[in-house]
Amino acid sequence: MRTLSEIDVVGVVGAGTMGNGIAQVAATAGYEVVMRDIETEYVERGLDDIDDSLSRLDAKDALDEGAAAIRERVDGTTELADLAAADLVIEAAVEDLDVKREIFADLEGVTDGDVVLATNTSTLSITTIASATDRASDVVGLHFMNPVPIMEGVEVVVGERTDPAVAEFAHAFAEDLDKTTWESDDKPGFVTNRILMPWINEGIRAYDEGVAEKRDIDRGMKLGTNVPMGPLELADHIGLDVVLDASETLHDELGDRYTPAYLLKRKVAAGDLGKKSGRGFYEYE
């Protein structure tokens, strides 16, 4: 395993919301980044998102160096082989176990044997993902929170065969990105989503059952529990399809207390996915 001081190039698999956010914070911390996705349009969209995010932060004087200098450290590609130069790879692809296992099997053939392979999965088993490789001891969960450039926390998830030194490295790397970490065992949903998904679903049920108007539910939870977003607002921000996928995974693993709210399933079926589609529980420009 390479030490933190030996990490120069960070590979990121996936250029979506989480992937480009991880690429951005790694570049902001001074690392060279290679961000890969399967289609050129996805890569270009991810790079555009990084440009937009850096511009907003630069306008607020929230960057220690110019946005252009940070952006120059991020390269996009559609070739997995371009990650061969990476000293650390973080997978942030779609939340599908088969897809992630295929990616990790491919990464094993592309990367050097001393490269840590991390996954940003929010609900899926680190142990099962790692079993697609012969290097399960080098696989660890690095679960960033959304939006990555803003949220301070990173959840380090330890699989059945994760080497303790690899877990320690994951903490150190995240802290080098100016994040604060906590650790979870490889149990369904880990710490965050195991608790968060029932909270969001109960907020949706409260709205669907007429307990209160949606803005009152969100306002009540923000003012009553000192959270920055209420459950409906947060669901829109995460993406209702993502919330539904996570809830269904937890329901399969942990039973009826994680049953997705009916209104959540109905909205996803209608294509109302939250901010990214322009409509969820609220409407967005």
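As recorded by an unreviewed UniProt entry, the protein carries the name 3-hydroxyacyl-CoA dehydrogenase family protein and is attributed to Halorubrum pallidum.

A. Just the nonpolar core, in detail. The biggest cluster of nonpolar side chains holds 39 residues, and the ones touching the most others in it are Ile90, Leu142, Phe144 and Phe173. Per element, the largest residue contribution to this core is 6 residues, and it comes from helix H1 (residues 17–28). In this structure Phe144 touches Met18, Ile22, Val25, Ile90, Asn120, Gly153, Val154 and Leu177, once residues within four positions along its chain are discounted. Ranked by size, the runner-up nonpolar core spans 20 residues in total, among them Leu83, Ala130, Val157 and Phe190.

B. Spatial organisation of the pattern of salt bridges. Here the structure, examined in full by the defined rule, presents 15 salt bridges. In this structure, the salt-bridge partner of Arg73 is Glu65, at a minimum N-O distance of 2.3 Å. Taking the relative accessible area as the measure of exposure, Glu65 reaches 31% and is therefore partly exposed. Residue Glu283 pairs with Arg279 through a salt bridge whose shortest N-O separation is 2.9 Å. Residue classification places Arg279 among the partly exposed positions, given a relative accessible area of 40%.

C. Molecular detail of the packing of helix H7 (residues 192–208) against helix H10 (residues 240–254). As a packed pair, H7 and H10 sit with axes 10 Å apart at the nearest point and diverge in direction by 115°. As far as their axial angle goes, H10 and H7 are roughly perpendicular. In this structure, the crossing between H7 and H10 has a hand that is left-handed. Within the contact between the two elements, H7 uses Asn193, Arg194, Met197, Ile200 and Asn201 and H10 uses Val243, Ala246, Ser247, Leu250 and Leu254. Considered class by class, the residues forming the contact of H7 with H10 number 6 nonpolar, 3 polar and 1 charged.

What counts as what
- Residues numbered from 1 in each chain as written.
- Predicted model: local features only at pLDDT ≥ 70, side-chain atom pairs only at ≥ 80, totals over all residues.
- Heavy atoms only, no water.
- Core = buried A, V, L, I, M, F, W, Y, C linked by side-chain atoms within 4.5 Å.
- Buried < 20%, exposed > 50% of the residue type's maximum accessible area, 1.4 Å probe, protein only.
- Helix = DSSP H or I, 4+ residues; strand = E, 2+ residues; numbered from the N terminus.
- Contact = heavy atoms within 4.5 Å.
- Salt bridge = Lys/Arg side-chain N within 4 Å of Asp/Glu carboxyl O.
- Axes fitted to C-alpha atoms, helices over the stretch in contact; angles between N-to-C directions.
- Parallel < 35°, antiparallel > 145°, perpendicular 65-115°, else oblique.
- Left-handed = near helix turned anticlockwise from the far one by under 90°.
- Nonpolar A, V, L, I, M, F, W, Y, C, P; charged D, E, K, R; others polar.

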